[in-house]
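One-letter residues, chain by chain:
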Amino acid sequence: MIVDCNGQQTAGPVSAVKRIADLAAVGEGLGFSVREIDGSSPLELLACLSEPPARPRLLLARTRKAGGSPLLLELAAAGRAPGGWHSTVPDEATYLRLLEEQALASGDPDLVAELRQFLARRVAPPLRPPAAKAGSTGAAFARELARLMTERPDLVALDADLAQPCGIDGFARAGHPFLELGIAEQDMVGVAGGLALAGRLPVVHTYASFFKRAYDQLHGNGGLKVIYAGHYAGLCYHTDGKTHQSLADVSLFNTLPGMTVLDPATGWQAARLLRWAVRGAAGPTYFRLRRTDLGLDAHPLLQACCPTPEELRQEAGPAELDRPLLLGPPDASRVFLVGGAVAARLALDCLARPEFAGWAILLQSVYGPPPHLPSWREVLAPRELVFVLEDDTGPGGLHALLCTVLAATGLHPRVLWQHPAGLGPSFRNLPDCLEYHGFTPEHLRRRLREADGG
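Along each chain, the written sequence defines residue order, and numbers are assigned to residues from 1. Local features are withheld for residues below a pLDDT of 70 in this predicted model, meaning they are given only at 70 or higher, and side-chain atom pairs are given and counted only at 80 or more; totals for whole chains, interfaces and linings count all residues. Each side-chain value is derived from all of the structure's non-hydrogen atoms; neither hydrogens nor water enter the calculation.

Let us now look at the packing of helix H16 (residues 373-380) against helix H17 (residues 398-409). Geometry is summarised by axes, namely lines fitted to C-alpha atoms with helices restricted to the contacting stretch, and by angles between N-to-C directions that run from 0 to 180 degrees. Helix numbering and strand numbering both begin at the N terminus, where a helix is a DSSP run of H or I of at least 4 residues and a strand a DSSP run of E of at least 2. H17 packs onto H16 with a crossing angle of 95° between their chain directions and a minimal axis gap of 10 Å. Considered as vectors, H16 and H17 are oriented roughly perpendicular to each other. Residues Leu373, Trp376, Arg377 and Leu380 of H16 form the contact with H17, whose own contacting residues are Leu401, Leu402, Val405, Leu406, Ala408 and Thr409. Each angle gets one of four labels, with under 35 degrees taken as roughly parallel, over 145 as roughly antiparallel, 65 to 115 as roughly perpendicular, and the rest as oblique. Contacts are assigned to residue pairs with any non-hydrogen atoms lying within 4.5 Å of each other.

We call two strands paired when DSSP finds no fewer than two bridges between them. The strand order across the open sheet formed by seven strands is S5-S4-S6-S7-S9-S8-S13, and the pairing between neighbours is mixed. Across the chains shown, the open sheet's two edge strands, defined by having one partner strand only, are strand S5 (178-180) and strand S13 (366-367). Note that strand S4 (residues 155-159) and S5 share three bridges and pair parallel. Within the sheet, the bridge partner assigned to Ala157 lies in S5 and is Phe178. Lying over the sheet, helix H6 (residues 137-149) contacts S4, strand S6 (201-207), strand S7 (227-231) and strand S9 (285-288), oriented at roughly 140° with respect to S4. Across the sheet, helix H11 (residues 267-279) is in contact with S4, S6, S7, strand S8 (260-262), S9 and S13; its angle to S9 comes to roughly 165°.

What follows concerns unusual backbone geometry. With phi around 65°, Ala66 is a residue other than glycine that occupies positive phi space. You can see Ala66 is positioned in the loop between strand S3 (57-62) and helix H3 (70-77). Not every positive phi belongs to a glycine, and Tyr232 is a case in point at roughly 55°. For Tyr232, the location among the structural elements is in the loop between S7 and helix H9 (241-244). For Tyr232, a relative accessible area of 5% translates into the label buried. Under the scheme applied here, a residue whose accessible area is under 20% of the maximum for its type counts as buried, over 50% as exposed, and between as partly exposed, the area being computed with a 1.4 Å probe on protein chains only.

As a further point, take a nonpolar patch on the surface. To count toward a patch, a residue needs a relative accessible area over 30% and no salt bridge; like charges are then connected within 9 Å, while nonpolar side chains (Val, Leu, Ile, Met, Phe, Trp, Tyr) are connected within 5 Å. Computed with a 1.4 Å probe, the accessible areas rest on the Shrake-Rupley method; for each residue, only the protein chains presented here act as cover. When a carboxyl oxygen of Asp or Glu is within 4 Å of a side-chain nitrogen of Lys or Arg, the pair counts as a salt bridge. Together, Ile2, Leu43, Leu46 and Leu49 line one region of the surface with nonpolar side chains, adding up to about 440 Å² of accessible area. In terms of residue count, the dominant contributor to the nonpolar patch is helix H2 (residues 42-50) (three residues). As for its placement among the helices and strands, Leu43 is situated in helix H2.

The next point concerns the pattern of salt bridges. Counted according to the given criterion, the structure contains 27 salt bridges. Between Arg64 and Asp38 there is a salt bridge; the shortest N-O distance is 3.5 Å. Of this pair, Arg64 sits in the loop between S3 and H3 while Asp38 is found in strand S2 (residues 33-38), placing the two residues 26 residues apart along the sequence. For Arg64, a relative accessible area of 43% translates into the label partly exposed. Judged by relative accessible area, which is 27%, Asp38 ranks as partly exposed. A salt bridge links Arg213 to Glu185, with the nearest nitrogen and oxygen atoms 3.0 Å apart.

A separate point is the environment of Tyr215. Structurally, the position occupied by Tyr215 is in helix H8 (residues 215-221). Judged by its relative accessible area of 27%, Tyr215 falls in the partly exposed class. For the pair formed by Tyr215 and Gln186, sequence separation is 29 residues and the distance between their alpha carbons is 8.0 Å. Between N or O atoms, a polar contact is any pair within 3.5 Å; within protein, one atom must be a potential hydrogen donor and the other a potential acceptor, and residues adjacent in sequence are included only when both atoms are from side chains. Reaching out from Tyr215, the side chain makes a polar contact with the side chain of Thr255 at a distance of 3.0 Å.

What is shown is where atoms sit, not what they do.
Listed below in structure tokens is the structure:
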């Protein structure tokens, strides 16, 4: 067994969150032969692995973030890599220097020659401004939760060493009930179940992708009233690839009995749905929250649907929970059925193009309660084509909900479906991620032409 002992949690040292006084003694107590090595030295690691062990062996590999790259260590020492490259994507110049450093370090002349050819034909990508977070649904959720905690003493926030990305790093300083569980999602979800049994209302925060680590505990919590906040969900989290990008959380949480899944597209939706989850929901809820502000709150079509200031202070009502929100011409024969911010942004961008003139959008942000069939029949009856857009791989998301509704109502519009076919690699910017997964107006236009026979 090899333990990567880099001493680092997400935003600080392991010792500040969960201190283990003597990890070697723990290993020896479990019957291992324990050895500490320089985990950033491949030669030292290989030497240990080549020795036949007399009994089970535990290697405590003391590593350093970016320990295999003198360049990255140098930049980190100069303060140019917060967290020692734990959560920082190198810029374009550093990326190219890093490729050259590693190719030269390999001592492989063929690899060096191939790199030279790559650099000679490479076209530098255009500079893109960093994505804003302040207007994202994740940020709106955190702000509204802070307000609710001033009036609801039963609320308690739980975190798995991601307080800063989830926007709740100031809760403890503000005096809000807050528990930091470290990188231990199973423990966190289990603790939330205990708090719910004790009469508290826990709000559990982590990246959406990390909830799958705690599926047994989620299932064990059953119908207990717990609010699960899955941050950095969907395609708008693009930099860290399949380990951090969650493209199946809607389907995952929809397998849990009694769970209501919520995928707000706007900040005001996130706030109103959270108020409903706190005040009105009888059972557990899951929020699929985005880290990127896609400008939906400022879009005229969504501004026109925004509740009044008085209504914004209330929780979502039955109309928002039971039926999709219609954006655009009420009598449109062709509609996009979308969930969440990424799909809504794509559909709105399409409506601005001549080839999608006359289309409308049906925005559905709630999964879980049985669909209100009369409302769905009303909004779907005039439609000749429904184009489903969702950044969930399925099979238990928006497309499945539509199929259930169509089977129950007897309606038969044509249905197209655009969703990620699978997990992608890491991307250096959001537009590249959306292009890879076919979430662009150009891609949808081609799909539509093919479906229309031309």
